[in-house]
Amino acid sequence: MSVNRKALLGFVGAAALLGAAPAFAQAVSPQYTYLTFIVFAAIIGVTMFVTYIAAKRTKTAADFYAAGGGVSGLQNGWAIAGDYLSAASFLGIAGLISLYGYDGFMYSVGWLVAYITVLLVIAEPARNIGKYTMGDILAFRNNPKVVKTFMAISTITVSTFYLTAQMVGGGVLVKTLIGIDYEVSVAVVGVLMMAYVLFGGMVATTYVQIIKAILLVVASLVMVALVWGQYGFNFNGYLEAVTADPGIQAQVARLIGDASKNMSAAELGQRFLEPGLYFKAPIDQISLGMALVLGTAGLPHILMRFFTVPTAQQARKSVIWAMAIIGGFYVLTLFLGTGAAMKVGALQITAIDKGGNMAAPLLAQFLGGGKDSMLGNLMLAFVAAVAFATIVAVVAGLVLAAASAMSHDIWVGVIKGDNATSEQELRAARISSVIVGAIAITIGILAKGQNVAHLVALAFAVAASANLPVILLTFYWKRCNTAGVVAGLVVGTLSAIALVLVSPNMTYPLQIKAAQEKVIKASDEKIAKLTGDLKGIQSAIDQAKAGNQPLAAGLDEAALERAKKEIGIAEKAKAGAEATIKGLGGATTSLVGLTEPLFPLRNPGLVSIPLGFLAVIIASLLYRDKRAEEMWDELYVRSNTGIGRAAATAH
Amino acid sequence: MANQTLNWAAIDADPRFQELHARKSRFLWGLMVFAVIYYFLLPIGAAYFPDLFKVRVFGVVNFGLVFALSQFVVAWGIAFIYARRAQQFDAMAEAIARDAQKIGGRK
C-alpha cells in the first residue's frame with residue numbers, strides 16, 4: 001500500500017470504518033458466541049422498552065420531530081454525544097492510535113473543536129429561530145417554499161452520505177464481531193432503527209442515544225482503568241511502557257521502512273509519540289480540519305437536536321455537556337489506542353481488520369483474560385454490543401433528520417402550503433421514516449464490499465460548504481436572502497461533490513495499472529537476480545561438497561533457503577499485481593472518465609467552503625430582496641432575546 | 001401571536017439591545033477567531049515544525065502531546081468562559097424581552 005493510499009484510508013477510514021476492507025476472522029470465540037447474543041439481547045430489550053414508553057408519549061408532530069421540546073440540557077448533551085460518537089470515533093480513532101500513535105490522537109482533536117462553532121454561533125440562534133428542521137430556520141425571512149425545497153434536498157443528501165457509510169460499516173462490524181451474514185446484519189440494524197424512529201420518534205431516538213452514550217463511556221472508563229491502572233495512573237510511566245514495548249517499536253519500524261535502520265529501539269518507541277506516521281499531506285489535513293470545524297454545525301441530525309430543548313439556555317447547556325463528554329471520551333481513546341497497541345499488538349489488530357477498527361474490542365477481550373477466557377469474551381461481547389448500539393443510534397438520528405426534511409419541509413411546507421393538521425403531519429413523518437429506512441437498508445445491501453469510507457468526509461464537506469454558510473449568514477448578515485440561500489446550497493453541495501469526483505479518492509485504472517506494472521517489472525528483475533544468486537550459491541555448495549571443503553559463510557544451505565523464500569515473496573507480489581490489473585477489467589478511466597485526478601486533495605473543504613460562502617454573498621447582493629432585509633430586525637432581535645420562539649409543549 | 005405585532009426595528013434600535021449586540025458580537029467572534037487559530041496551529045505545527053513537536057517536556061512526554069492535550073483544555077476553557085459570560089447576556093436579553101411591549105408595542 002503506497003503512502004497516499006494509506007493517507008486515504010486514514011482520513012476517512014477512521015470516519016467510516018474501513019471495516020469495508022475484508023474481515024479475516026471472527027473476533028468472538030465461537031464457543032462464546034452465546035454470550036454475545038445475551039448481551040445484544042439485553043441492550044436491544046432495554047432500548048425496545050424505552051421505545052414502548054416513548055411511543056405512548058408521541059402523539060403530535062412536535063413530539064415526533066422534537067420530543068415536544070421537553071428534553072433537558074443535560075439529557076440533550078448526552079444525546080448529542082450519542083449522536084456524534086459514531087462507530088467511526090469509537091472504533092476508528094482508537095484503531096488509528098493503536099496503529100499510528102500520535103497522528104491518531106491529533107486526528108481526534110478536530111472532532112471536539114467542531115463544537116466550539118456549534119456553541120458560540122449556531123446552537124442558541126437555532127433554538128430561538130427554528131422549530132423542527134433546518135428549513136424552518138431559512139424560511140424565517142426568505143421565500144419559504146423555495147428555501148425549504150433546497151434545504152430539504154441538501155439535508156437528505158448529507159444524511160444519505162453519512163447513512164450509507166454507517167450502514168455498510170455497521171454491517172461489516174457485526175459480521176466481523178459475531179460472524180453473522182453481512183446482509184442479515186444490515187437488515188437487523190435497519191429494522192431496529194426503524195422501530196425506534198417509527199414508534200418513538202425523537203423521544204425514543206433521544207433515549208436510545210443517551211443509553212448508548214452512557215454505555216460507551218462506562219465501557220471506555222472500565223477499560224482505561226484496567227489498562228492505565230497497572231501503571232498507577234502515572235501518565236509518564238504509562239507512556240514509558242508504551243515506548244518500551246517491542247511490538248510498538250516493530251510497528252514503527254514497519255511504518256517508516258528504511259529510515260528505521262539507524263534508529264535504536266528507544267528511538268523507535270519514542271517515534272510512536274511523534275507526528276507524521278500517518279498524515280503525509282498537510283494541506284489535505286487542513287482541508288479536512290475546516291470541514292470538521294465548520295461542517296459539524298451544519299449537520300442536520302446534530303442541529304435538529306437543538307429543537308428538542310425548551311430554551312436557548314438549555315441549548316447552550318447541552319453543547320457544554322456534549323463537549324465535556326465528547327472531549328473526555330477522546331482523551332480516553334488515547335489510552336484505549338495505545339493500550340491496544342501494547343497489549344494486543346498491531347499485527348493481531350490488522351489481522352482481523354486492516355483499518356484497525358477492532359483495536360478497542362480486542363483490548364476488551366485481552367483485559368478480561370484473553371481469547372479463551374469467559375470473562376474476556378464477555379467483555380468483548382459487551383464492547384461489541386455497545387458498538388452495535390452506537391450504529392443503530394446514529395442511524396436513527398440520521399433517518400429522523402432526513403424523514404423530517406421530507407415530511408415537514410417538502411410535504412407539509414411545500415406541497416400542502418403549511419396547511420396540515422398535526423395528525424396528518426405525524427402520519428406523513430412516519431411514512432417518510434419508513435421510506436428513508438427502506439432506502440437505507442437497500443443502499444446498505446447494494447453497497448456491500450464498496451469502499452464507502454470517504455462518504456463521511458464528503459457529508460462533512462457538504463455540510464460545511466452548503467448548510468453552514470446559509471445558516472450562518474441567515475443569522476448574522478442582514479442582506480442574506482432567498483437567492484443567496486439557493487445559490488449557496490447549490491454551489492456548496494455541487495462543488496464539494498464534484499471536487500471529490502475528480503479527486504484522488506476515485507479509482508484511476510491507468511494509474512493503478514502503471515503502479516502495478518512497476519511492481520511486476522521490479523519483481524521480474526528481482527526474481528531474475530535471485531535466480532542467478534541461487535544458482536551461484538548452489539554451485540558453490542556443490543563445489544564445496546565435491547571437494548569436501550567446509551561451506552563458505554553466506555554460501556550455505558541457509559542462504560539457499562533464504563534466496564528461495566525471497567523468490568517466493570517476489571512471485572507472490574507479481575501475482576498480486578497481475579490480479580489487480582486483471583481486476584480492473586480493461587477500464588481505463590475513473591467514474592467520471594478521467595485518467596488522473598484533476599483536483600489534488602482528498603478533502604474538498606479548502607476550496608468548496610469559500611465557494612459556498614461566496615455564492616451566498618454574491619447572489620444575495622445581485623438579487624436584493626426588500627422583505628428579507630425588513631425581516632432582519634425581527635430575526636436578529638428574536639435570535640438574541642428568544643422573544644416569541646416556537647414554544648415547547650412538554651407533557 | 002401577540003409578538004407578531006411588535007415593532008422589531010424599535011427594539012433593535014433600543015440602546016439596551018444595541019449594547020447587548022455590541023458586547024455579544026465582540027465577545028463571540030473574538031473567542032471564535034481565537035479557537036480556530038489555536039486549533040489550526042496543531043495540524044500546521046505537526047506538518048511544518050515536527051522538530052518542535054518532538055522536544056521532550058518531561059519523561060517521554062513531548063511538546064506535541066502536551067499541545068494536543070492543551071487543545072482539550074482550551075476547548076473546555078472556552079466553553080466555561082462562554083457559559084459564565086453568557087449569564088450576563090441572558091440577564092440583558094431578559095430585561096429587553098420583559099420590556100418588549102413597552103419598547104416595541106404598536107398602538
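Report on the accompanying structure. (Residues numbered from 1 in each chain as written. Chains lettered and ligands numbered in written order. Predicted model: local features only at pLDDT ≥ 70, side-chain atom pairs only at ≥ 80, totals over all residues. Heavy atoms only, no water.)

### Looking at the packing of helix H5 (residues 87–100) of chain A against helix H18 (residues 374–415) of chain A
Residue and element names in this part refer to chain A. At a closest axis distance of 9 Å, the pairing of H5 and H18 adopts a crossing angle of 135°. Compared by their axis directions, H5 and H18 come out oblique. Facing Ala 87, Phe 90 and Leu 91 of H5, the residues of H18 in contact are Val 383, Val 386, Ala 387, Thr 390 and Ile 391. Here the contact of H5 with H18 is built from residues that sort into seven nonpolar, one polar and no charged. (Axes fitted to C-alpha atoms, helices over the stretch in contact; angles between N-to-C directions. Helix = DSSP H or I, 4+ residues; strand = E, 2+ residues; numbered from the N terminus. Parallel < 35°, antiparallel > 145°, perpendicular 65-115°, else oblique. Contact = heavy atoms within 4.5 Å. Nonpolar A, V, L, I, M, F, W, Y, C, P; charged D, E, K, R; others polar.)

### Re the pattern of salt bridges
If you walk through the whole model with that rule in mind, you get 14 salt bridges over all chains. For Arg 624 of chain A, the salt bridge goes to Glu 629 of chain A, with nearest N and O atoms at 3.0 Å. Note on Arg 624 of chain A: relative accessible area 47%, which makes it partly exposed. One salt bridge in this structure joins Arg 23 of chain B and Glu 19 of chain B, with 2.8 Å as the shortest N-O distance. (Salt bridge = Lys/Arg side-chain N within 4 Å of Asp/Glu carboxyl O. Buried < 20%, exposed > 50% of the residue type's maximum accessible area, 1.4 Å probe, protein only.)

### A short note on the interface of chain A and chain B
Each partner contributes to the interface: chain A provides 50 residues, whereas chain B provides 52 residues. Carbon and sulfur atoms make up 75% of the area that chain A and chain B hide from each other, which totals about 4600 Å². There are one salt bridge connecting chain A and chain B. One salt bridge in this structure joins Asp 90 of chain B and Arg 316 of chain A, with 2.8 Å as the shortest N-O distance. Linking chain A to chain B there are twelve residue pairs in polar contact (both at pLDDT 80 or more). Elements supplying a minimum of two residues to the side of chain A that touches chain B: helix H6 (102–129), helix H10 (235–244), helix H13 (282–295), helix H15 (312–343), helix H20 (454–476) and helix H26 (632–641) of chain A. With 14 residues, H6 of chain A is the single largest residue contributor to the side of chain A that touches chain B. (Buried area = accessible area lost by both parts, 1.4 Å probe. Polar contact = N/O pair within 3.5 Å; in protein donor to acceptor, adjacent residues only side chain to side chain.)

### Remarks on unusual backbone geometry
The phi torsion of most residues other than glycine is negative, and most of the peptide bonds are trans. Residues and elements named next belong to chain A. Not every positive phi belongs to a glycine, and Ala 67 is a case in point at roughly 50°. Of the residues examined, Ala 67 reaches a relative accessible area of 7% and is grouped as buried. Positive phi outside glycine occurs at Asp 418, with the angle close to 65°. When you line up the elements, Asp 418 lands in the loop between H18 and helix H19 (422–446).

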